[in-house]
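Analysis of the macromolecular model
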Amino acid sequence: MATLRDYRRDDLVRCRELINQAWDFDGNISHPEIAALAKDIYVNGSLAESRHYRVVEDDGVVLGLLFGAAGDGDKFPSGYGGVLGSLRVLVRLLRVRGLALREKRRWIAAINAHEVTRVKVTRRSDAELTLFAVDEAARGRGLGRQLLAEYLDVCRSLGKNRITVETDVYSNFGFYEHHGFVRVGEFDSPLTELFSGGSGETYVYELEL
Ligand SMILES: CC(C)(COP(=O)(O)OP(=O)(O)OC[C@H]1O[C@@H](n2cnc3c(N)ncnc32)[C@H](O)[C@@H]1OP(=O)(O)O)[C@@H](O)C(=O)NCCC(=O)NCCS
């Protein structure tokens, strides 16, 4: 039977796998070091912003994860938070071999532009869902619903009024609509464009609690 538990450090490899499966960084980004960095920004960067970090496990295998900024846990020390976290990303990017400086600057500009716009669009939020995915082979079994229901309960118990999630055209955003979230904003992100190798279309959804 599937059970929910807190994320642990030794879940990192599996969570990166799940994220890669959902957003296909290895397929979309030709440079392997940049693809690895993208997975770290998603998993470790989201963890750094989160106080709720749960995974769903069945028979010892992690099948899904949900991280949220509001929560009752301590901030997870992923090493990718705050100024030091940003510096770490910058240093990793600058150290990538076989990538022109012009391309590195493009990545740095895209990361900054994404963050600046994202903050504007999500300003109203007092709880944010930062990362959410279920293994392709395990979708449709209600695991995503379980993870989300638990997070909504935590947010309600903390007195939060509104939960926000940023997603993109490649994600399963229909799931949010099915659960009552409303699209409140859209922006074009150069970072989503680089990550996906396609459109930069990014959506912001909100749910009133
Ligand atoms: C979104 C995601 C986590 C859903 O996980 P899941 O375990 O398959 O979802 P569940 O089986 O719990 O589905 C719960 C309900 O949502 C509905 N649902 C799932 N995907 C849906 C979609 N695209 N559109 C509308 N409804 C959807 C299901 O039909 C089910 O409905 P019910 O409760 O009325 O029976 C999964 O599709 C995923 O990992 N996608 C890739 C990553 C992603 O898109 N993450 C979220 C955006 S950032």
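Residues numbered from 1 in each chain as written. Predicted model: local features only at pLDDT ≥ 70, side-chain atom pairs only at ≥ 80, totals over all residues.

Looking at the nonpolar core
Formally: By convention in this section, buried Ala, Val, Leu, Ile, Met, Phe, Trp, Tyr and Cys residues joined through C-beta atoms within 7 Å make up a nonpolar core. Partly exposed residues are those whose C-beta has more than 12 but fewer than 20 other C-beta atoms within 10 Å; 20 or more makes a residue buried and 12 or fewer makes it exposed, with C-beta atoms placed from the backbone. Going along the chain from the N terminus, every DSSP run of H or I of four or more residues is numbered as a helix, and every run of E of two or more is numbered as a strand. Note on contacts: each residue gets a C-beta atom placed from the backbone, and two residues are in contact if those atoms are within 7 Å.
Judged by nonpolar contacts, the single largest core of 49 residues is most densely connected at Ile19, Ala38, Leu65, Leu66 and Leu147. Counting residues per element, this core draws most heavily on helix α3 (residues 32-48), which supplies eight residues. Ignoring anything within four residues of it in the chain, the contact list for Ile19 reads Lys39, Tyr42, Val43 and Ala133.

What to know about the packing of helix α1 (residues 12-23) against α3
In plain terms, the rule: Only the stretch in contact is used when fitting a helix axis, every axis being a line fitted to C-alpha atoms; angles between N-to-C directions are given from 0 to 180 degrees. Should an angle fall under 35 degrees it is called roughly parallel, over 145 degrees roughly antiparallel, and 65 to 115 degrees roughly perpendicular, with every other angle called oblique. Throughout, a crossing is termed right-handed when the near helix is turned clockwise from the far one, and left-handed when it is turned anticlockwise from it by less than a right angle.
Where α1 contacts α3, the axes come no closer than 10 Å and their chain directions differ by 115 degrees. The orientation of α1 with respect to α3, classified from their angle, is roughly perpendicular. Crossing geometry of α1 relative to α3 is assigned as right-handed. Between α1, through Leu12, Cys15, Arg16, Ile19 and Asn20, and α3, the contact on the second element is made entirely by Lys39, Tyr42 and Val43.

Points about the sheet that holds strand β6 (residues 182-188)
What counts, and what does not: What makes two strands pair is DSSP finding at least two bridges between them.
One open sheet accounts for seven strands, arranged β1-β2-β3-β4-β5-β7-β6; its pairing is mixed. The sheet is open, and its two edges are formed by β1 (3-6) and β6, each paired on a single side. Averaged over all adjacent pairs, the angle separating strand axes in this sheet is 25 degrees, with direction ignored. Bridging between strand β2 (residues 52-58) and strand β3 (residues 61-68) involves seven bridges; their strand directions are antiparallel. What sits directly across from His52, in β3, is Gly68. Taken strand by strand, α1 contacts β3 and β4 (127-134), and its axis lies near 80 degrees from that of β3. Packed on one face of the sheet, helix α6 (residues 143-157) meets β1, β2, β3, β4 and β5 (162-168) and runs near 30 degrees to β3.

Some details on the site of the ligand
This is how the line gets drawn: The rule is simple: place the C-beta atom from the backbone, and if it lies within 6 Å of a molecule or strand, the residue is near it. Gly is put with the polar residues, along with every residue not named as nonpolar or charged; the nonpolar set is Ala, Val, Leu, Ile, Met, Phe, Trp, Tyr, Cys and Pro, and the charged set is Asp, Glu, Lys and Arg.
For the ligand, the set of nearby residues contains 17 residues, the closest of which are Arg139, Gly144, Ser171, Gly174 and His178. Residue assignment for the shell around the ligand shows that the elements contributing at least two residues are β4, α6 and α7 (174-178). Partitioning the shell around the ligand into residue classes produces six nonpolar, eight polar and three charged.

Let's talk about the pairing of β4
The side chains of a regular strand alternate, residue by residue, between the two faces of the sheet. Threshold: Handedness of a crossover is defined as follows: orient the strands so they point away from the viewer, and if the path from the first strand over the helix to the second runs clockwise, the crossover is right-handed.
In terms of burial, β4 is largely enclosed, as eight of its eight residues are buried. Sheet topology places β3 next to β4; five bridges connect them, and they run antiparallel. Bridging across to β4, Leu66 finds its partner in Phe132. When β4 meets β5, the two strands line up parallel, connected through three bridges. Bridging from a neighbouring strand, Glu128 pairs with Thr164 of β5. You can see the chain leave β4, run along α6 and come back into β5, and the turn it takes is right-handed.

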